[in-house]
Amino acid sequence: MFEKEKEKVLTTALRLKEYRLIALSGGNVSLRIDDGHILVTPSGMDYSEMDASDICIVDIDGNVVEGTRRISVDTEALLYIYKNMPEVNAIIHTHQVYATAVGAVEDKLRSVVTTLPNATLGDVNVAPFSSAASLEMGINSVKYLDGKRAVILKNHGVVTVGSTIKEALYAAVYLEDAAKTYILAKAIGNPVLLDQAQVDQAVEVFTHYGQDKI
Ligand SMILES: [Zn+2]
């Protein structure tokens, strides 16, 4: 079932690896197929050694519908997000270094470059610590996403969301780039941040970006 969608989940995981946002078996990628089914990457498998048949299908209560692998340890948290955010169809969880570093110091990553609000819809909040395999990870994500497509989990990593898997991927990649830019700017001075009108314009312009779906 859902072979094309499983390929999409795997391709996205490999792109996260290409951008150095995940290492070995860390993090996870999941995709809501319909009201009853969610695809989720398996627990503790190196993404480079995975093929589409390793992607698991679970129902909204976490019962495995298809797949022989053990599901991601974060599945309970992911399902909490899917249940409470019906507009979300894809979730990416990483331990990406630069965004997590900002989260260790700041209460949010402020927009220092337009690509951040392009992809995340604005400044990105830092949620209080929650560990792997905890329901709190899902509860804190829902609480601190605050209408954006990304949230930093203090001393842990990042959760990005989207109505499509591409939106969640873009949010993760551009969040990391913005975190790098912010850290570099802080290293040489006091960064000038975008004001709200500039953030709003960056969000608006991205709604016209790219190709129409055909
Ligand atoms: Zn994690």
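Higher on the page you've got the structure.
Residues numbered from 1 in each chain as written. Predicted model: local features only at pLDDT ≥ 70, side-chain atom pairs only at ≥ 80, totals over all residues. Heavy atoms only, no water.

Participant: Help me understand the packing of aromatic side chains in this model?
Facilitator: Aromatic ring pairs are reported here in terms of the distance separating the ring centres and the angle at which the planes meet. As enumerated under the stated definition, the model contains two aromatic pairs in all. Ring geometry for Tyr 170 versus Phe 206: centroids 6.5 Å apart, planes at 50 degrees, classification tilted. Residue Tyr 170 is located in helix H6 (residues 165-188), and its partner Phe 206 is located in helix H7 (residues 196-206); the two are separated by 36 residues in the primary sequence. The class for Tyr 170 is partly exposed, based on a relative accessible area of 25%. (Phe/Tyr/Trp six-rings, centres within 6.5 Å; stacked < 30°, edge-to-face > 60°. Helix = DSSP H or I, 4+ residues; strand = E, 2+ residues; numbered from the N terminus. Buried < 20%, exposed > 50% of the residue type's maximum accessible area, 1.4 Å probe, protein only.)

Participant: How should the nonpolar core be read in this particular structure?
Facilitator: Across soluble globular proteins, nonpolar side chains have a tendency to be buried as a group. Core analysis: the largest hydrophobic core is formed by 21 residues, its most contacted members being Val 9, Leu 16, Val 29, Met 50, Ile 92 and Ile 165. Put simply, the parts of the chain that give this core at least two residues each are helix H1 (3-18), strand S1 (28-34), strand S5 (90-94) and H6. Of the residues forming this core, the biggest block, five residues, is contributed by H6. Not counting residues up to four positions away in its chain, the partners in contact with Leu 16 are Leu 21, Ile 22, Val 29, Ile 92, Thr 94, Leu 169 and Ala 172. (Core = buried A, V, L, I, M, F, W, Y, C linked by side-chain atoms within 4.5 Å. Contact = heavy atoms within 4.5 Å.)

Participant: I keep staring at the side chain of Gln 96 and nothing clicks. Help me out?
Facilitator: Within the element layout of this structure, Gln 96 appears in the loop between S5 and helix H3 (97-105). Polar contacts involving the side chain of Gln 96 include one to the side chain of Thr 94, which spans 2.7 Å. A polar contact of 3.1 Å, which involves the side chain of Gln 96, links it to the backbone oxygen of Ala 172. Look past the residues within four positions of Gln 96 in its chain and what remains in contact with it is Leu 21, Val 158, Ala 172, Leu 175 and Glu 176. (Polar contact = N/O pair within 3.5 Å; in protein donor to acceptor, adjacent residues only side chain to side chain.)

Participant: Before we go on, may I ask you to explain the coordination of the zinc ion in this structure?
Facilitator: Ideal values differ by geometry: the angle at a metal is 109.5 degrees with four tetrahedral donors, but 90 or 180 degrees with six octahedral donors. Looking at the zinc ion, one finds its protein donor set to be His 93 (NE2), His 95 (NE2) and His 156 (NE2), positioned 2.1 Å from the metal centre. For the zinc ion, the single-chain donor residues occur in sequence as H-x1-H-x60-H. With His 93 in strand S5 and His 156 in the loop between strand S8 (150-153) and strand S9 (157-162), this pair connects stretches of sequence that are 63 residues apart. Just as His 93 is buried, His 156 falls in that class too. (Donors = N, O, S within 2.8 Å, 3.2 Å for Na, K, Ca; no water.)

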